[in-house]
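Structure at a glance
Each chain, letter by letter, is given below.
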Amino acid sequence: LFTKTSILSNSLISITVPVTAGLKLPQEGVNASNFYYIRSNASFGQTGPYRFDSVQAVGSFSLVSLTFPSPLQVFAGQAATMLVEFVPTMNVNPAEKVSVALPGFTGTPVIQPSGEIASVTFLSSVMNVIFSSVRAAGVQVSLTITGLILPANGIQSGQQDITISSNAAAGPVLPTAFSSLYSVGALKQAKLSFDNPVANQLTALKFEITTSMSMNVSSNVSIYLPSFQVNNTLIERLSCPSPCSWNSEAKIFSVRPAYFVPANTLYTILLPQSTGFSLPVNGIRKDASGVKIGVESVFGRIQPTPVTSSQGVGVFLASSLRFDPGSAGVSNTIQLTFMYSFNITVGDTVDLVLKDFSRTSLQTVTVSGSSFGVLKWSQVAYTLTLTCTQEVPAFTEYSVQISPTFGLVTPAMALPRDSSTFLISSTAAQGPAQPRRIAASAPIGYFGSSTSLAFIPGVASQVNDVTLAFTSQLSLDEQDIVRLFLPAFQQAEAYRDVEMVTDGFNATAHTCFSSICPSSPGLYVDVQLRKKVLANVANLFTLSLGIVLPDNGVRGNDNGFKFSVISYVSPVPATSFALVSPVGAISSASLSFSPLEVKTSISIILQLSLAMNLNVEDTIVVKLPKFEGASFTKGAVTSSPSGCVTQSSWNAVDFTLTMKLASALAANAQLTVTVPPSLSISIPSQGVAKDDKNFTVSVDSNNGLVFPRPFSAVSRVVAFTSSSRLTLFSTLPLNSSAMMLQTVALQQIMSGDAFFLHLPGFISYVKNV
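Below: a short report on this structure. Note that the structure is a prediction, hence the values are computed from the model and not measured. (Residues numbered from 1 in each chain as written. Predicted model: local features only at pLDDT ≥ 70, side-chain atom pairs only at ≥ 80, totals over all residues. Heavy atoms only, no water.)

The next subject is the nonpolar core. One finds Leu-591, Phe-593, Ile-620, Val-622 and Phe-627 to be the most contacted residues of the largest nonpolar core, which totals 38 residues. Every element with two or more residues in this core is listed here: strand 45 (586–594), strand 46 (603–610), strand 47 (619–623), strand 50 (645–651), strand 51 (656–661), strand 52 (670–675) and strand 53 (696–700). In this view, Phe-593 contacts Ile-602, Ser-603, Ile-604, Ile-605, Phe-627, Ile-683, Val-688, Phe-695, Val-714, Ser-715 and Val-717; residues no more than four positions away in its chain are not counted. Among the nonpolar cores identified, the runner-up in size contains 37 residues, and Val-92, Phe-122, Met-127 and Ile-145 belong to it. (Core = buried A, V, L, I, M, F, W, Y, C linked by side-chain atoms within 4.5 Å. Buried < 20%, exposed > 50% of the residue type's maximum accessible area, 1.4 Å probe, protein only. Helix = DSSP H or I, 4+ residues; strand = E, 2+ residues; numbered from the N terminus. Contact = heavy atoms within 4.5 Å.)

Pasting the structure below:
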């Protein structure tokens, strides 16, 4: 130091060397016991080296570091075991403290080895440590600290506010930054979303990351995708705008930022579908995806840390839909069975899209005894919404039944097995599921209005062929069975256990029993296909199995006649035919005449009882073979019930008497029609044989035809040939005489018949012989 002015002897000299001079204290600090000297070459008297009487001690720490024994378990905002190490350049005596400033840290520190620590406090983010013995200068001190939670923003490399200081008398140390810090980065935000949120399907992955430290182009972001599926072909073509790679064994995707990313700045990583990633088979629970992100940066490390927010994606691991009885166009019991990958909690919904189903009421329905106690139908969206009222655990098979009383009607059309129109989705809070096809759905076969049943020749109480016609909206396979139910029908004995075999089908008839037939007694006929029946193609099967129609015939469109289809692809439960051809039947029919004389205009009395209703304009035709009389068209007749039949017509060529009903007649009602003598119909000269089968009656009615059938009773009219002779053995008048009658009867004379001889003028003295 060179003086600029004279300095008087015995004057106090104070010299300050400013910071700007650039002098630095020794790295090891200033030891007060060291020898520091001052000397002068003053012209009035030089001095030799003179030891300073007083030297301010300045301590220091070297090799000051903060590290973590288990760095892979260190995460910002979490507790971690830390190791603080330093070498003091001065002795630190008992009662003197070493202070470590740890801004942002929380908790209560515990230091090992505990035997060397007299006390430790943590106030205002400063940990004060007092040793129980002298910590010698130059000897490394290692403190293992537990119980502290790292700052949420982590620890930055070169962070200046993490410091160490001491009040050691041998050399106090002002707060000094650590020379080595293990940087701990922090994910302030890590959001994961998908463009195709469907389990086990290709999707783009979008990561939105904000870190507490900066990242440069040499930083490495590692994304851990342990449960994601990868298409190996696509991943091999991996191309990124910045260096990236895929570790298939560890399932880690690594990428370097293409630009400098400042701390607290959103950084987006987008892996398009073309990368080949698929969501896990079991979906992803919301905010619990199992995906982790790690960062290696000179500005701070982030150990693999779960993403803070992830889009939930649930999945129905199983789903099936059944209908009972499985009929088209009616309300069925609908049974939905499913298993979901996450808990379905109260308020979550399961939604079913049932295209073309219908419900007249849109009112929400509450049901008891089910975990889905609220049902709602949207006709516009064809969607049935089931709201959860009691939690359903994940991976648990659960069934929901929708009663027919809910009024949900299946479409009047066929529904194929595993129909693609049935969709299921969920709004589950832990992971919703997008609408996907129900894995398994039962088919509903449908023949529509094409089904008809007819009988040939259509005669009650007799053997008839049965004709079945239908058009199936779904194909029927070989070995499928179309089953007919024929109530009150019988089978002729000769046909029992006989199988009808054709190129297209085999058919057998069986006696009904309650476990098969909707009603009994009767027959059921199984028609087993020998060829595939194509969809929407008309089919006609004629069955010749000795089937006997009931005595009372068949009523038109009687819904007691049913058919079903036993089929895997197109089952149909017992369903009524759209059209049943009626077969009429007459319960009783009798014909009588008055008087019982030939060649004389007579009254004809017709008595009928029919098994079906007769309508106005229905026709009754009576065949009267060889009867005589001129044809007429409007012959007045009387009837009981009165007015039921009022007119008749007679055809003398084909001997038919035709009558049309003027008013309806109920089934099983007795009808009596009287044709008066005034219409001049007469019995032929040969008379009428008793119950002559040539006399027939037929009925033409939409309620059932009755082909010409014999009357059950026809009055006998006996006629004699014109060669009849009466011979008297005495020719004297008023004289008793034997007589001999010689005649030929044209009809059978039966035991008990009486002959009446009209003998005008004859007298008898004995009236009864």
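Let's shift gears to the environment of Ala-414. For Ala-414, the location among the structural elements is in the loop between strand 30 (398–402) and strand 31 (422–426). The exposure class of Ala-414 is buried, given its relative accessible area of 8%. Placed 85 residues apart in sequence, Ala-414 and Gly-329 show a C-alpha to C-alpha distance of 9.5 Å.

The next subject is unusual backbone geometry. Here the amide bond leading from Ser-594 into Pro-595 is cis, since omega sits at -10°, within 30 degrees of zero. Following the sequence through the fold, Pro-595 ends up in the loop between strand 45 and strand 46. With an omega of 5°, the peptide bond running from Ser-640 to Pro-641 counts as cis. Note that Pro-641 resides in the loop between strand 49 (638–640) and strand 50. Residue Asp-287 is not a glycine yet carries a positive backbone phi of 60°. For Asp-287, the position within the fold is in the loop between strand 20 (277–278) and strand 21 (292–296). For Phe-395, which is not glycine, the phi torsion reads 60° and is therefore positive. We classify Phe-395 as partly exposed; its relative accessible area is 46%.

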